[in-house]
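Working through the structure, step by step
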Amino acid sequence: MRGVRLEGVGLEKRFGRVAALRGVDLEVRPGESLAVLGANGAGKSTLLRILAGLSRPSAGRFEAHLADAADPLSRERLRGHVGYVGHASLLYGELTARENLAFAARLHGAGTTDDALDSILGPLGLLDVADRRAGTFSRGMTQRLAIARAIVHDPDVLLLDEPFTGLDEVSARRLSGRLGALRERGHSLVLITHDPRRAIELAERGLVLHRGRVRARLSAGADFELEALREILARLGREEEADRAA
Amino acid sequence: MRVALALLWKDLVTEWRSRDRLVAMVVFSILVVVVFQFAWPALEPDEMRRLASGVLWVTYVFAAVIGLGRSFAMELENDAMTALALAPGTRGWIFLGKAAATWLLIGLVQALTAVVFALFFRQDLLPGAAGLALVAGLADVGICSVGTLLSAMSVRSRFRDVLLPVLLIPTLIPVLGAATRASAATLAGDSPPWDALQPLIVTSAIYTILGFLLFDFVLDE
């Protein structure tokens, strides 16, 4: 089992007068996978950026602990244990796939030998295009390279912000398989998605956010199944429409 | 240090392949020299020699503003700035890597500008070239340090194209004053005076240390 536990208590985040998160509690234990669902503007990406150490909560407490340590990790050290896939690819179009990966590895102090990089590019099906510039890649290839960049330093926790957006079914299935393999290897996953199917496929637990608040917590073996999830999301959608109409 | 070297390598490779920053700076610098040529068409070489330092530094500063503005704008494409912010450890090394890459590019542009200036105004800059390079190198440390910090701060603003020069140029006054004086002495065939080099060294050192320490907050949301 790999080793970082993330814990947020009463997390709030404000951007001026707009509250993006309001009192969110969550815990991600080592090796666990959590899906975060919700409509646009629910606060999912804001939450993920706090978990990545990219943003500080306006109120509440966020801590990350190594499995066997009492003291929390500093944000500087946390960033070394986290891999992050955002809405954008975080890649440089002028660099080749291999150079992008080597650059990310250098930032994280990871190995940059051809063998080390090939061992990441290979399983993602990018070995044949390793020396092509990332700017020439299709959406699916770009997304796989973004995943490669995020795991180049073998992080304990992988944070994924809607990684399936814009992918066709074949590419999405391939990516899903790769993420499943990472989970099997003991990486914790926090997956933001609009797609309840992907959430059930890749996560053990679910967290549904609505307007910055947690509206549902779903656990494996109990209520974390497709119909329940669809019902919750549909109910929140109806609430949203009713509020708009009012 | 490894992070700074990685940034330096990345910036130089991407610049070599796109050349957008370098070309913009070089073309702009040549145009400024041409404009000065039109402004003073009948100036004798001896008179021009007295003005050379000022002309060169006006050109250098505006070219630097262009280069510094682009320095972080390219990190916005594909939100690569987030990837930099995710690097573990002290973010000051990211600052140093970016500043070093800009220092090299600006130095190259300044050398080319000096050649173009010498040709247009029939000046022999060779005797003072080493002194001018020393002064420019020192001044560029200050320009790139404070410029990199301000570029990162302003890049997410809608008004970044205006904001950067408005913030940068006033902070460069001590650097420019000393650099112009030291360059004038060099171009007149003397050694750069210590009382001009000293403020260059001190100001550049202060800006570099401040940039290193403050960069962590700049990359935060």
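The rules behind these values
- Residues numbered from 1 in each chain as written.
- Chains lettered and ligands numbered in written order.
- Predicted model: local features only at pLDDT ≥ 70, side-chain atom pairs only at ≥ 80, totals over all residues.
- Heavy atoms only, no water.
- Helix = DSSP H or I, 4+ residues; strand = E, 2+ residues; numbered from the N terminus.
- Rg over C-alpha atoms; globule rule 2.2 N^0.38 Å.
- Buried < 20%, exposed > 50% of the residue type's maximum accessible area, 1.4 Å probe, protein only.
- Areas by Shrake-Rupley, 256 points an atom, 1.4 Å probe, with all protein chains shown as cover.
- Lys, Arg positive; Asp, Glu negative; His and termini not counted.
- Charge placed at Lys NZ, Arg CZ, Asp CG, Glu CD.
- Pairing = 2+ DSSP bridges.
- Axes fitted to C-alpha atoms, helices over the stretch in contact; angles between N-to-C directions.
- Contact = heavy atoms within 4.5 Å.
- Core = buried A, V, L, I, M, F, W, Y, C linked by side-chain atoms within 4.5 Å.

Considering the overall build of chain A
- Along its length, chain A carries 8 helices and 9 strands.
- Taking 18 Å as the expected radius of gyration for a compact globule of 246 residues, we find that chain A reaches 18 Å, a close match to that expectation.
- Dimensions along the principal axes, computed over C-alpha positions, put chain A at roughly 55 × 45 × 40 Å.
- Going through the 246 residues of chain A one by one, you find that 54% of them count as buried.
- When the accessible surface of chain A is totalled, it reaches about 10400 Å², and 47% of it is carbon and sulfur.
- Of the side chains in chain A, 37 bear a positive and 34 a negative charge, and the two mean positions are spaced by 4 Å.

Some remarks on the sheet that holds strand E9 (residues 213-219) of chain A
Residues and elements named next belong to chain A.
- The 6 strands lie next to each other as E5-E6-E7-E3-E8-E9, forming an open sheet whose pairing is mixed. At either margin of the open sheet sits one strand with a lone partner, and together these are strand E5 (82-85) and E9. Strand-to-strand, the axes of this sheet are offset by a mean angle of 15 degrees, without reference to chain direction.
- Pairing analysis gives 6 bridges linking strand E8 (residues 205-210) to E9, with the strands arranged antiparallel. By the bridge assignment, Val 208 is partnered in E9 with Ala 216.
- Helix H8 (residues 226-245) contacts strand E3 (33-37), E8 and E9 of the sheet and is inclined by roughly 5 degrees relative to E8.

Some words on the nonpolar core
- Formed by 53 residues in total, the largest nonpolar core has its most connected members in Leu 6, Leu 47 and Leu 159 of chain A together with Phe 215 of chain B.
- The element contributing the most residues to this core is helix H4 (residues 80-85) of chain B, with 5 residues.
- Core analysis: the next-biggest nonpolar cluster, separate from the first, contains 46 residues, Val 61, Val 109, Phe 121 and Leu 164 of chain B among them.

Looking at the side chain of Arg 198 of chain A
Residues and elements named next belong to chain A.
- Residue placement: Arg 198 occurs in helix H7 (residues 196-202).
- For Arg 198, a relative accessible area of 3% gives the class buried.
- Aside from chain neighbours lying at most four places away, what touches Arg 198 is Phe 164, Glu 169, Ala 172, Arg 173, Ser 176, Leu 191 and Thr 193.

Structural notes on unusual backbone geometry
Residue and element names in this part refer to chain B.
- The backbone phi angle of Arg 19 is positive, close to 55 degrees, even though this residue is not glycine.
- Mapped onto the secondary structure, Arg 19 falls in the loop between helix H1 (2-18) and helix H2 (20-39).
- Located in the positive-phi region is Asp 79, a residue other than glycine, with phi close to 55 degrees.
- As for its position among the elements, Asp 79 is in the loop between helix H3 (45-76) and H4.

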